[in-house]
Amino acid sequence: MAFNLTTSTKTETLLEAFLEDTSALDPFEKKWVVTSGKGMRVWMKQAIASKKGISANLNFLSPERAVWSFANLPDAENLISGRNPFSKERLAWKIRQVLPEIHQENPETFKMLTPFITDGDPLKKIQLCWEIATVFDQYLHYRPELLENWENGQDQPNCPDEVWQAPLWRRINSLMPCPSLYNLIREESFAQTAPSQLFLFYLSPLSTVHFKAFAAFASKKTLHAYLLQPTDQYWQQVLSKKEQLTKQSENQSDEDMYLELGPPLLGSLGKSWQKLIFQFENLDSYDPNFHSKIDKSSQTNALGSLQKLLLDMPEPKDLGRVKYQSGDSSIQVHSTHGPLREIQILYDFILDQFNQDPDLKPNQILVLCPNLQKYSALVEAVFDNPEEKTRRIPYGLCDRQWRSESRVMDTFYHLLEFAESRATARDFFTLISRPAIREKFDLEAEDLEIIRWWIEQNKIAWGFDLGHKDFLSLPAFEENTWQNGIDRMLLGFFAGKSALQGFEKLSPFDEIEGEKVEILSKFIEIVDFLNLLHQKCTQNRTPNAWQKILEEFCIKPFFKEDDQSHRDLVEIRKSLSFLTNETEGNQDAEPLAVIRLHLERTLSEKSLFSRHLTYGVTFASLRSARGIPAKVICLLGMNGGEFPVSQTAPSFDLCKTSPKYTDRNQTEEDRLLVMEAILCTRKCFYLSFQGQSNKNNDSIPPSVVVEEIIEQLDDLLDFSLENYIEKDISNYTAQRNFDFGPQNRKNIS
């Protein structure tokens, strides 16, 4: 019944508008807020608590969870209200179920997939199913009309990719527990039981079907949307520098391009926002309310001038160039000799920021990067080992891979890998050194060193026993196996060095006595459990059988159920239960490798940890911390060829062969993240990239986004950009490090 859109250049202003819109609501009534990431949710809670003294009754939802909750689906074991019944993992297993059968019925239609379907490797088959599921998921979000045509039998016989995808989708769709979201939106009951008001706060670009779902909600209830925008002027047609030059080469005058001219940075970084505004403009009730609070004191430096340029959108002839102010460091660009130097320079930069601003707190600094996994170990190495304790900077690492965050999940997955391996001594010791295993078997650090010494002295290398080596099709000799080493230790413990009849070929190891026998007992118990797990994992089984095997021979023997491990074990069990439910009635036996792939794909998408805006500097991915304002925002890894990412898609993806304006474009989304970071920075905007080779000091071009920012600054500022671009000179191969003349000695780093 109502759609209210509020826009602003500042997230803080959007929050004030949100508080004003909710001030009249019952404080004990839940407020349903849709946001795109955990980082924004944490910031909202903290900011509201800071302003109001308390933050309560905020029920946060992701866009997907919100739109599916509108459908009012029944709660069932296989159909949970608010969850996506068309998730990629469900689609993948439905495809796995029907693909061999439908291929057998129509071999000519599916001849493109014949090499994969007839391949004897089950892992290749499920990987193909995941690829197809990913493409179908794309259709569900951005091409729902295409799927509807397929359901009605209106596919294009001249398109070779559509020929096999259409019948496959019809077969899968017939097995799904409910209609697709696109069909549910048009039902009269859609959103009838939803809350009376919904708040969309700082959304990332929405998919076509999600936008239609929120529009359907707005036609029946009240929808408040809060969107960050660089300007209150019409900028939907502003072009990038490249596009402007292309237009001008076509002999178009400035008068013909008056709607398309503006700061090129808007056109190059804001494409995704332009698409979202295009969707909003199609609503009859579209009438944005722009809120702006201009801090004129900050518009005198380079960062403030850049933000003002985006806000005012002056014509090129009216663009006034900004003069340099001594000490202006509001924008810094650092060219380094690799990831390690990036982190070291960042560390020094943050220390300098604390020296310049005594009121600056660590949690007011955001460090964002496209690939956090590349830097996480380096961050720990640099920030955890300062030269002095007084220089230690507290920090929190977010968005790490689930195996890096959860010791329980990592240990569980390592156990599955070990069960399929040669059981080497190195892998065994790495496994028993994990906290989950040590806690289960009550192993101290001293016990581990004793076990390591036993393994070395008994020359244990790999293989549980002769049968294990024979299973691996490797030479079957008993020496250097775990069984041989344990037999030597037991013989030495019971008989010492004295020879026993029947054991002439076995050399006793008599170094175990006294309290060490308890450690030996634990050691043998672990090896026996691992050998039993290996034996159970050598056969192909149905997913239902795998669930029981992994529970009985992996989870129970190796994990202690307590408050710390319970949550992670529940997630593992949920993933296995989901697989069992989806394959009910399917008697195809799968190897452990397929189960591992399923767990890896499903568990990696579950973000269980968030350290956004803790007591220290926040290290996060660009996506999870989007829209969060901070005094200092640093972007790492702005390397050429790495950011923005290049869009990749399977060759049979119809979105790739027949693109539409509203399709998702990951390259444009990455560019938008940088635009958002510029608008959310309050004091200093910091960029760094690997601009020099750490081998020969050759120059390496930065990301094209960095070049576009520098080019825009070059048009805006009336001085050399050398004031802002700093090159790292601390390279061990540089000639200056070998020149010990008096004039250079003081510069050696």
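Placed above this text is the structure.
Residues numbered from 1 in each chain as written. Predicted model: local features only at pLDDT ≥ 70, side-chain atom pairs only at ≥ 80, totals over all residues. Heavy atoms only, no water.

A few words on helix α2 (residues 38-52). Here α2 is 15 residues long and its end C-alpha atoms lie 21 Å apart, about the 21 Å a rise of 1.5 Å per residue gives. Taken together, the buried positions of α2 are Gly39, Met40, Arg41, Trp43, Met44, Ala47 and Ile48. Close packing links the buried residues of α2 with α1 (11-22), β2 (31-34), β3 (58-61) and β4 (197-201). Gly53 lies just past α2 and shows a positive phi near 90°. (Helix = DSSP H or I, 4+ residues; strand = E, 2+ residues; numbered from the N terminus. Expected span 1.5 Å × (residues − 1). Buried < 20%, exposed > 50% of the residue type's maximum accessible area, 1.4 Å probe, protein only. Contact = heavy atoms within 4.5 Å.)

With that out of the way, let us pick up the sheet that holds strand β11 (residues 630-635). Spatially, the 7 strands line up as an open sheet ordered β9-β10-β8-β11-β12-β7-β13, and their pairing is parallel. On the outer flanks of this sheet lie β9 (395-397) and β13 (725-727), each paired with one strand and no other. Here the average twist between neighbouring strands, direction ignored, is 20°. In terms of strand pairing, strand β8 (residues 365-369) meets β11 through 4 bridges, oriented parallel. Bridging across to β11, Ile365 finds its partner in Val632. (Pairing = 2+ DSSP bridges. Axes fitted to C-alpha atoms, helices over the stretch in contact; angles between N-to-C directions.)

Read from one edge of the open sheet, 6 strands run β3-β2-β4-β5-β1-β6, paired in parallel fashion. Edge positions in the sheet fall to β3 and β6 (289-291), since each has one partner strand and no second. Averaged over all adjacent pairs, the angle separating strand axes in this sheet is 25°, with direction ignored. Both β2 and β4 contribute to a ladder of 2 bridges, which runs parallel. Its bridge partner being in β4, Val34 is matched across the sheet by Leu200.

The next thing to look at is the pairing of β4. The buried fraction of β4 amounts to 4 of the 5 residues, a majority that puts the element mostly inside the structure. Judged from the 5 bridges that link them, β4 and strand β5 (residues 222-228) form a sheet pairing that is parallel. Bridging across to β5, Phe199 finds its partner in His224. Taken together, β4, helix α10 (residues 208-218) and β5 constitute a β-α-β crossover, and its handedness is right-handed. (Right-handed = clockwise from strand over helix to strand, strands pointing away.)

Our focus in this paragraph is the nonpolar core. Of all hydrophobic cores here, the largest spans 189 residues; its most connected members are Phe18, Leu168, Phe201, Phe428 and Phe523. In terms of residues, this core owes the most to one element, helix α6 (residues 122-142), which gives 10 residues. Once residues within four sequence positions are removed from consideration, Phe428 is found in contact with Phe418, Ile451, Ile455, Trp482, Phe523, Ile526, Val527 and Leu530. Counting 26 residues, the second-largest nonpolar core is a separate cluster that includes Val367, Phe383, Val617 and Cys684. (Core = buried A, V, L, I, M, F, W, Y, C linked by side-chain atoms within 4.5 Å.)

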